[in-house]
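# Coordinate inspection notes
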Amino acid sequence: MLTNLIYLLSAVIFSAVVVFAFGTGLAISKKLQETVVAWIFPIIGAAVVLKTIASKRNVDLYILNPAFAFGEDSGLSVYVLRICMWSILALCGGLIFTKLIAAKKQIFVGKELLISFYVYFLFSTITNSIFGTAPSFDYRIMYSPLLVTALYFGQYATPARLINFSKTTGAISVLLGLIAAAAFPSIAVQNNFVTGWLPWPQIRLWGLDSHANTLGPLAMMVILLEIGHSYTRKWLHLGTILIATITLVLSQSKTAWVSTFIAVVIFFALSTYDKVSARNHLSSRKLVIPIIITISFAIFTALLFAFLLIDLNGMISEFFSTSEGTKLTSMTGRDAIWRITLQEFENNILFGYGPTLWGPGFSAEHRLLGTASNAHNQLIDVLGSSGLFGGVAFLLYLTMLFKYCIKVTHVAGRLPLALLIAMCIRAIPEVPFRLANVLSNDFALHMILLGILFSSIKKQTLLNSSTTHLIHRI
């Protein structure tokens with residue numbers, strides 16, 4: 001007991017010294033203040049890649065025992081994660097400390113979005129830890145509000161800087177995954193993957209991510225960020241799109257495929273709408289109908305082509321006779337997971353089961369260890385783990401995200417909206433808005449969206465202020 005107390009006290013003192021020292025450096029360097037939050041994303045990316053390398057995993061073992069993919073971190077992986085997490089805490093703590101003690105107080109915007117996140121965090125993470133069916137507390141749940149608060153205080157960083165840092169991190173991670181697939185296939189490639197939709201090759205790319213289902217969304221993020229804010233050098237732009245597309249396809253993540261396709265189509269449709277509207281000074285109503293007709297015509301043409309040239313009925317019958325087709329009829333087994341989760345919601349309607357819903361113990365109890373680490377649907381997961389309070393808080397937070405994505409269109413374009421739509425589509429079978437695992441690419445995408453929104457609304461406010469000041473001078 002005394003040893004643990006000494007260790008805890010030493011950790012607190014060491015953390016306070018690091019935060020104070022870093023905060024002092026931030027106070028001296030204004031340029032560092034504008035860059036610090038952008039470094040959060042490379043650190044998260046490094047944590048994911050280095051953890052995978054340190055684990056020395058063999059992906060093919062997943063076929064024999066899926067529980068391997070959901071085991072507790074151990075050995076060198078733990079130290080990698082700790083170093084990365086301490087680095088992020090020092091960055092965020094130092095920035096917040098600097099802003100709080102600054103002699104010249106800065107004006108921050110986007111408080112509605114920040115408060116809505118706090119409400120979502122409170123009712124999806126804290127209240128169920130106390131009043132849930134199986135109450136429990138993990139100090140790591142406090143990391144996410146610290147990061148979001150740092151992004152709020154770091155809103156003076158430009159949207160371009162945040163996008164470039166996060167996009168470059170994602171592109172490097174994807175590239176390293178492809179290199180690992182060629183040089184060390186056991187760590188990056190699942191062989192004999194016969195239930196995918198690709199006739200060849202019969203593999204599934206995991207890269208250096210924790211799972212193929214999280215690698216696909218990472219590639220999706222790189223594609224969306226690149227088309228929304230491209231590199232100036234053409235070869236770099238095309239190379240980034242190429243490696244991200246190859247990774248997306250080989251990951252065989254169907255949800256990521258659908259999310260990317262829909263988000264890209266919406267991005268280009270709305271961006272074209274904005275350009276045509278600005279060029280011709282047309283009202284919004286005049287352009288909505290032509291855009292809807294164009295998209296509908298493209299979808300109709302594609303479907304007509306499929307019906308005329310492909311034996312669709314034969315393909316459908318053949319597909320549903322396979323094991324993959326059988327799984328799809330039951331939403332890949334998710335119906336059972338949803339039923340169990342909703343039962344826990346009914347058992348405690350207000351606060352749900354608690355944070356350990358679909359943890360290793362709960363999954364093993366229902367004989368789903370290795371199959372379910374969450375409810376495989378964001379809203380159902382929130383309802384099951386945190387009850388009605390958590391579900392309502394999540395919907396309010398989602399509404400605020402959409403509001404801000406539309407609000408920053410003049411500064412950030414349609415990129416934030418495309419990112420949010422992609423996350424919402426993925427939220428149907430997965431949980432991209434979960435706040436538990438900070439050192440993951442899912443959480444990084446969530447933070448990238450928030451960072452872009454905070455910095456964009458700040459930039460828009462500064463531009464409006466400058467315009468108003470200029471008008472008054474004239």
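Above this text is the structure in question.
Rules of the game
Residues numbered from 1 in each chain as written. Predicted model: local features only at pLDDT ≥ 70, side-chain atom pairs only at ≥ 80, totals over all residues. Heavy atoms only, no water. Helix = DSSP H or I, 4+ residues; strand = E, 2+ residues; numbered from the N terminus. Contact = heavy atoms within 4.5 Å. Axes fitted to C-alpha atoms, helices over the stretch in contact; angles between N-to-C directions. Parallel < 35°, antiparallel > 145°, perpendicular 65-115°, else oblique. Left-handed = near helix turned anticlockwise from the far one by under 90°. Nonpolar A, V, L, I, M, F, W, Y, C, P; charged D, E, K, R; others polar. Buried < 20%, exposed > 50% of the residue type's maximum accessible area, 1.4 Å probe, protein only. Salt bridge = Lys/Arg side-chain N within 4 Å of Asp/Glu carboxyl O.

Positionally, Ser363 belongs in helix α17 (residues 360–365). Those residues within four positions of Ser363 in sequence are excluded, and the remaining contacts are Trp358, Leu368, Leu369 and Ala372.

Further remarks concern the packing of helix α16 (residues 334–347) against helix α18 (residues 378–407). Their axes nearest at 8 Å, the elements α16 and α18 cross at an angle of 20 degrees. By the criterion of interaxial angle, the relationship of α16 to α18 is roughly parallel. Along this stretch, α16 crosses α18, giving a crossing that reads as left-handed. Of the residues in α18, those touching α16 at Trp338, Thr341, Leu342, Glu344 and Phe345 are Ile380, Leu383, Gly384, Gly387 and Leu388. Tallied by class, the residues present in the contact of α16 with α18 amount to six nonpolar, three polar and one charged.

Take the environment of Ile227 next. By the element assignment, Ile227 lies in helix α10 (residues 212–228). Judged by its relative accessible area of 19%, Ile227 is buried. Through-space distance from the C-alpha of Ile227 to that of Phe267 is 8.9 Å; in sequence the pair is 40 residues apart. Those residues in contact with Ile227 that lie beyond four places of it in its chain are Ile241, Val264, Phe267 and Phe268.

Attention now moves to the pattern of salt bridges. Close approach of charged atoms allows side chains with opposite charge to pair. As enumerated under the stated definition, the model contains six salt bridges in all. The partner of Lys403 in a salt bridge is Glu112, with the nearest N and O atoms 3.1 Å apart. In this pair, Lys403 is assigned in helix α18 and Glu112 in helix α6 (residues 111–131), connecting sequence segments 291 residues apart. A relative accessible area of 40% means that Lys403 is categorised as partly exposed. In this structure Glu112 comes out as partly exposed when scored by relative accessible area, which is 41%. Note that Arg414 is salt-bridged to Asp274, the shortest N-O span being 2.8 Å. Residue Arg414 is found in the loop between α19 (409–412) and α20 (415–426), and its partner Asp274 is found in helix α12 (residues 254–280); the two are separated by 140 residues along the sequence.

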